[in-house]
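These are the residues of each chain, in order.
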Amino acid sequence: MNISEDILRFNLQNVYFLVGTACGGKTTMAAALAQKYGFTHFNDNYHEENFAHWQSICDERHKNSPDNTQSQSQGYDWERHFNRPPEEYNDSLEQGYKEYFEYAIIELIKYAQQNTVVADIGLSGLTCELVKQLAPPDRIACLLAPPELIAEDYFDRDDHRDIYEAIMRLKEPEMALENMKNVFRFGAQRTIDDVKSSGLFYIMRTKTSTVASTQRALERHFGLENN
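Scoring rules and cut-offs
Residues numbered from 1 in each chain as written. Predicted model: local features only at pLDDT ≥ 70, side-chain atom pairs only at ≥ 80, totals over all residues. Heavy atoms only, no water. Helix = DSSP H or I, 4+ residues; strand = E, 2+ residues; numbered from the N terminus. Contact = heavy atoms within 4.5 Å. Areas by Shrake-Rupley, 256 points an atom, 1.4 Å probe, with all protein chains shown as cover. Buried < 20%, exposed > 50% of the residue type's maximum accessible area, 1.4 Å probe, protein only. Core = buried A, V, L, I, M, F, W, Y, C linked by side-chain atoms within 4.5 Å. Salt bridge = Lys/Arg side-chain N within 4 Å of Asp/Glu carboxyl O. Pairing = 2+ DSSP bridges. Axes fitted to C-alpha atoms, helices over the stretch in contact; angles between N-to-C directions.

Undergrad: Looking at this structure, how should I read the overall build of the protein chain?
TA: When helices and strands are counted, the protein chain shows 11 helices and 5 strands. Taking the intrachain contacts of the protein chain between residues at least 6 apart in sequence as the baseline, contacts between residues at least 24 apart amount to 79%. Surface summary for the protein chain: the accessible area is close to 11,800 Å², and the carbon and sulfur share equals 48%.

Undergrad: I'm lost on the side chain of Asn 179 in this one. Help?
TA: By the element assignment, Asn 179 lies in helix H10 (residues 173-198). For Asn 179, a relative accessible area of 13% puts it in the buried group. Leave out the neighbours within four places in its chain, and Asn 179 touches Phe 82, Asn 83, Arg 84 and Pro 86.

Undergrad: Would you explain the nonpolar core in this entry?
TA: Generally speaking, a soluble globular protein has its nonpolar side chains buried in company with each other. With 29 residues, the main nonpolar core has Val 15, Phe 17, Val 19, Phe 101, Leu 108 and Ile 121 as its most contacted residues. Broken down by secondary-structure element, the contributors of at least two residues to this core are strand S1 (15-20), helix H6 (86-112), strand S3 (117-122), helix H7 (128-131), strand S4 (140-144) and H10. Per-element accounting of this core gives the leading share, 7 residues, to H6. By size, the runner-up hydrophobic cluster in this structure holds 17 residues, among which are Ala 145, Tyr 154, Leu 170 and Ala 176.

Undergrad: Explain the pattern of salt bridges here, please?
TA: A side chain of one charge can pair with a side chain of the opposite charge if their charged atoms are brought near each other. Counted by the stated rule, this structure contains 11 salt bridges. Glu 107 is the salt-bridge partner of Lys 110, the closest N and O atoms lying 3.4 Å from each other. With Lys 110 and Glu 107 both in helix H6 and 3 residues apart, the pair spans about one turn of that helix. Overall, the relative accessible area of 9% leaves Glu 107 in the buried class. In this structure, the salt-bridge partner of Glu 148 is Arg 185, at a minimum N-O distance of 2.9 Å. With a gap of 37 residues between them, Glu 148 in helix H8 (residues 147-153) and Arg 185 in helix H10 connect regions that are remote in the sequence.

Undergrad: I keep staring at the sheet that holds strand S2 (residues 40-43) and nothing clicks. Help me out?
TA: Remark on secondary structure: sheet strands pair via backbone hydrogen bonds, oriented parallel or antiparallel. Read across the open sheet, the 5 strands follow the order S2-S3-S1-S4-S5; overall the sheet is parallel. Two strands lie at the open edges of the sheet, namely S2 and strand S5 (202-204), each paired on one side alone. Across the sheet, the mean angle separating the axes of adjacent strands is 20° when strand polarity is ignored. Of the pairings in the sheet, the one linking S4 to S5 comprises 3 bridges and is parallel in character. Within S5, the position partnered with Leu 143 by the bridge is Ile 203. Here H6 sits on the sheet in contact with S1, S2 and S3, set at roughly 175° to S3.

Undergrad: Explanation requested: unusual backbone geometry in the structure shown.
TA: Apart from glycine, the bulk of residues carry a negative phi angle, and the bulk of peptide bonds sit in the trans form. Notably, Cys 23 is not glycine yet its phi reads approximately 65°, a positive angle. Relative to the assigned elements, Cys 23 resides in the loop between S1 and helix H2 (26-37). A relative accessible area of 8% means that Cys 23 is categorised as buried.

Listed below in structure tokens is the structure:
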């Protein structure tokens, strides 16, 4: 980003960051902390109404990108889209999301001027080094899920149903669905490796993880236990 680290941190000093993989529990935990402590919950999901205008700007700037929503609606090759090799697919997603993320930070700075904010932000297209420019380590927590769990659970979420339905309309939906699971596995492992090498605090979701235990761990990390 073309803003100095000092300026970013000053304007985001009222923000707790929850970052990580899909299915790691970011949104669930952000909502729980927001409710308990009276924080504002910030979600950078492009499905959210507040981000629709930013998504349209990103689409306009990346007309030739294979993930552009306009190109997809104008005879875009969906068969090719959902059957790209995992590394190519993830690289394409990352290219678009890096710019969208800068727009999200603009919105987050606005929120943080008047409120204490807990922000849940995916790491697709972002590195931990970039996230560390936004806040000190004691304000960042990474919530992760194993690649296989993400592959199995991804399409069970309501905000991912549109992707699933698009795949189901393909000529060979099962082949594309399996390829997308490989995409999720590849992207998740890339993120997990980055987080583990970053030194940032992280929690890996397991079959025995509970909302209560994860929340307690986050409260300890963020120093909220006595608030």
